[in-house]
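What follows is the residue order along each chain.
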Amino acid sequence: MEVTLWGVRGSIPSPGPSTVRYGGNTSCVGVQGSGGRTVILDAGTGIRRLGEVIRPNEGRLDLLLTHLHADHVQGLPFFEPLFASGLNLHIWAPAAAPDALRAGLARYLSPPVSALPLRDLPCRLTLHHVPGGPLDVPGFQIIADYVCHPAPTVGYRVSDGDAAVCYLPDHEPALATGGRFDAPQWTSGYDLAKGAALLIHDAQYTPEEYAVRRGWGHSTAPDAVALARVARAALLVLFHHDPDRDDAALDALLEDAERRAAPLPCVSGREGMRFAL
């Protein structure tokens, strides 16, 4: 598989001269399987550029949303494949109830937010409520599971037969464990991350910031490292960067995380970064 990061920020886009190295677009990751099929993880503003280059195989494309917070769907109205009449687009997402998914997406794909209502999209759209467990996506083995974050939120484990990528962009594993990771069976996200070749994980806060934002649904870089270590992931990617964190601050955060993670490899997600698994 090849994994490409198209958007790595959280909360709100933050483009500008101080974020040019890591990027300012919100969450979006593309995963291309060995058979040539692609699945997309989240539809933040990074999905716009992905939509300009993607070539779906056999007229089908699957988009897996972790949840319906704005920074994970705000790129949808600008995703070019939505307007391809020959495309079968399957969108998977959790919701409070199966019929709530369409209503939730319609908030972003209807006037005044979007010029074209969800019901009028040219593509052939199929919505799937994600209850947790395996998903039927051609060319991949995908497992979803609910994780600790406000509103119905899932993480994903994606494989095409060998290595697996675990995607946990909005996740607060320390909330239920009191910051301890010595009981994996009680740790949110552990089953998805266990043995993953690549763990893409929320690292929005510093420990000092987390002390006053506990319960907001996000993680610190040290907690991301702790989960990666207990799950025995092969590589950790820090993700969902705070919009107020400039490139220099992310360099410093990564330096601290690398020291804590050693010998586990750890990198800070940058737009355009690719991983071959």
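Below you will find a few notes about this structure. (Residues numbered from 1 in each chain as written. Predicted model: local features only at pLDDT ≥ 70, side-chain atom pairs only at ≥ 80, totals over all residues. Heavy atoms only, no water.)

**As for the environment of leucine 76**
Moving on, step 1. The topology assignment puts leucine 76 in the loop between strand E4 (60-64) and strand E5 (88-93).
Moving on, step 2. By relative accessible area, which is 0% here, leucine 76 ends up buried.
Moving on, step 3. Leucine 76 sits 29 residues away from leucine 105 along the chain, and the two C-alpha atoms are 9.2 Å apart.
Moving on, step 4. Those residues in contact with leucine 76 that sit more than four places away from it in its chain are Ala43, Ile47, Leu63, Leu82, Leu105 and Leu109. (Helix = DSSP H or I, 4+ residues; strand = E, 2+ residues; numbered from the N terminus. Buried < 20%, exposed > 50% of the residue type's maximum accessible area, 1.4 Å probe, protein only. Contact = heavy atoms within 4.5 Å.)

**Focus: the sheet that holds strand E3 (residues 38-41)**
Moving on, step 1. Pairing is mixed across the open sheet formed by seven strands, whose spatial order is E6-E5-E4-E3-E2-E1-E14. Bordering the open sheet on either side are strand E6 (124-129) and strand E14 (274-276), each of which pairs with just one other strand. The average undirected angle you get between the axes of adjacent strands in this sheet is 20°.
Moving on, step 2. Examined bridge by bridge, E5 and E6 share six bridges and lie parallel to one another. (Pairing = 2+ DSSP bridges. Axes fitted to C-alpha atoms, helices over the stretch in contact; angles between N-to-C directions.)

**As for the nonpolar core**
Moving on, step 1. Cys166, Leu168, Leu199, Leu236, Leu238 and Cys266 are the most contacted members of the largest nonpolar core, which totals 30 residues.
Moving on, step 2. Only strand E10 (164-168), helix H4 (190-193), helix H6 (221-231), strand E12 (236-239) and helix H7 (247-261) provide two or more residues apiece to this core.
Moving on, step 3. With near-sequence residues (within four places) excluded, leucine 168 lies in contact with Val147, Gly155, Gly189, Leu192, Leu199, Ile200, His201, Asp202 and Leu227.
Moving on, step 4. In this structure, Phe140, Tyr156, Val165 and Leu198 belong to the second largest nonpolar core, which totals 28 residues. (Core = buried A, V, L, I, M, F, W, Y, C linked by side-chain atoms within 4.5 Å.)

**Quick look at H6**
Moving on, step 1. Across the 11 residues of H6, eight count as buried, placing the element largely inside the fold.
Moving on, step 2. Those residues of H6 not exposed but buried are Ala221, Pro222, Asp223, Ala224, Val225, Leu227, Ala228 and Ala231.
Moving on, step 3. The N-cap residue of H6 is threonine 220: its side-chain oxygen and the backbone nitrogen of aspartate 223 are 3.0 Å apart.
Moving on, step 4. Positive phi shows up at arginine 232, right after H6, with a value of about 60°. (Polar contact = N/O pair within 3.5 Å; in protein donor to acceptor, adjacent residues only side chain to side chain.)

**Some remarks on the sheet that holds E12**
Moving on, step 1. Ordered in space as E7-E8-E9-E10-E11-E12-E13, the seven strands form an open sheet in which the pairing is mixed. Sheet topology places strand E7 (133-135) and strand E13 (266-268) at the edges, where each strand pairs with a single neighbour. Ignoring strand direction, the axes of neighbouring strands in this sheet form an average angle of 20°.
Moving on, step 2. Relative to E13, E12 runs parallel, the two sharing three bridges. Bridging across to E13, leucine 238 finds its partner in serine 268.

**Remarks on H7**
Moving on, step 1. Under the 1.5 Å per step criterion, the end-to-end length of H7 is 20 Å for 15 residues, consistent within 8% with the ideal 21 Å.
Moving on, step 2. Within the span of H7, buried status applies to Asp247, Leu250, Leu253, Leu254, Ala257 and Ala261. Projected onto a plane normal to the axis of H7, the buried residues spread over an arc of 115° and lie on a single side. Turned more than 90 degrees off the buried face of H7, the exposed positions are Ala248, Glu255 and Arg259. (Expected span 1.5 Å × (residues − 1). Arc of directions from axis to C-beta.)

**Describing the state of the cysteines**
Moving on, step 1. Overall, the coordinates contain zero disulfides when judged by the stated rule.
Moving on, step 2. This cysteine, cysteine 166, is not joined by any disulfide, and cysteine 266 carries the nearest cysteine sulfur, 15 Å off.
Moving on, step 3. Using a relative accessible area of 0% as the deciding quantity, one classes cysteine 166 as buried. (Disulfide = S-S within 2.5 Å.)

**Notes on the environment of leucine 135**
Moving on, step 1. With respect to the helices and strands, leucine 135 occurs in strand E7.
Moving on, step 2. Since its relative accessible area comes to 9%, leucine 135 is described here as buried.
Moving on, step 3. Excluding residues that lie within four positions of it along the chain, leucine 135 makes contacts with Leu64, Trp92, Val130, Ile142, Ala144 and Tyr156.

**Observations regarding the pairing of strand E2 (residues 28-32)**
Moving on, step 1. With four of its five residues buried, E2 lies for the most part within the structure.
Moving on, step 2. Both strand E1 (residues 2-7) and E2 contribute to a ladder of five bridges, which runs antiparallel. Following the sheet pairing, leucine 5 is matched in E2 by valine 29.
Moving on, step 3. Sheet analysis places E2 next to E3, joined by four bridges and oriented antiparallel. Residue glutamine 32 lies in a different strand from E3, and its bridge partner there is threonine 38.
Moving on, step 4. Hairpin remark: E2 followed by E3, antiparallel, with five residues in the connecting loop; positive phi at glycine 36, about 95°.

**Re the side chain of arginine 157**
Moving on, step 1. Residue placement: arginine 157 occurs in strand E9 (residues 154-159).
Moving on, step 2. This buried residue, arginine 157, is left without a salt bridge; aspartate 191 holds the nearest opposite charge, at 8.7 Å.
Moving on, step 3. In this structure the side chain of arginine 157 is engaged in a polar contact, spanning 2.6 Å, whose partner is the backbone oxygen of leucine 192.
Moving on, step 4. Sequence-distant contacts of arginine 157, defined by excluding residues within four places in its chain, comprise Gln141, Ile142, Ile143, Ala164, Val165, Cys166, Asp191, Leu192, Ala193, Lys194, Gly195 and Ala196. (Lys, Arg positive; Asp, Glu negative; His and termini not counted. Salt bridge = Lys/Arg side-chain N within 4 Å of Asp/Glu carboxyl O.)

So, to be careful, I would describe these as geometric facts and stop short of saying anything about function.
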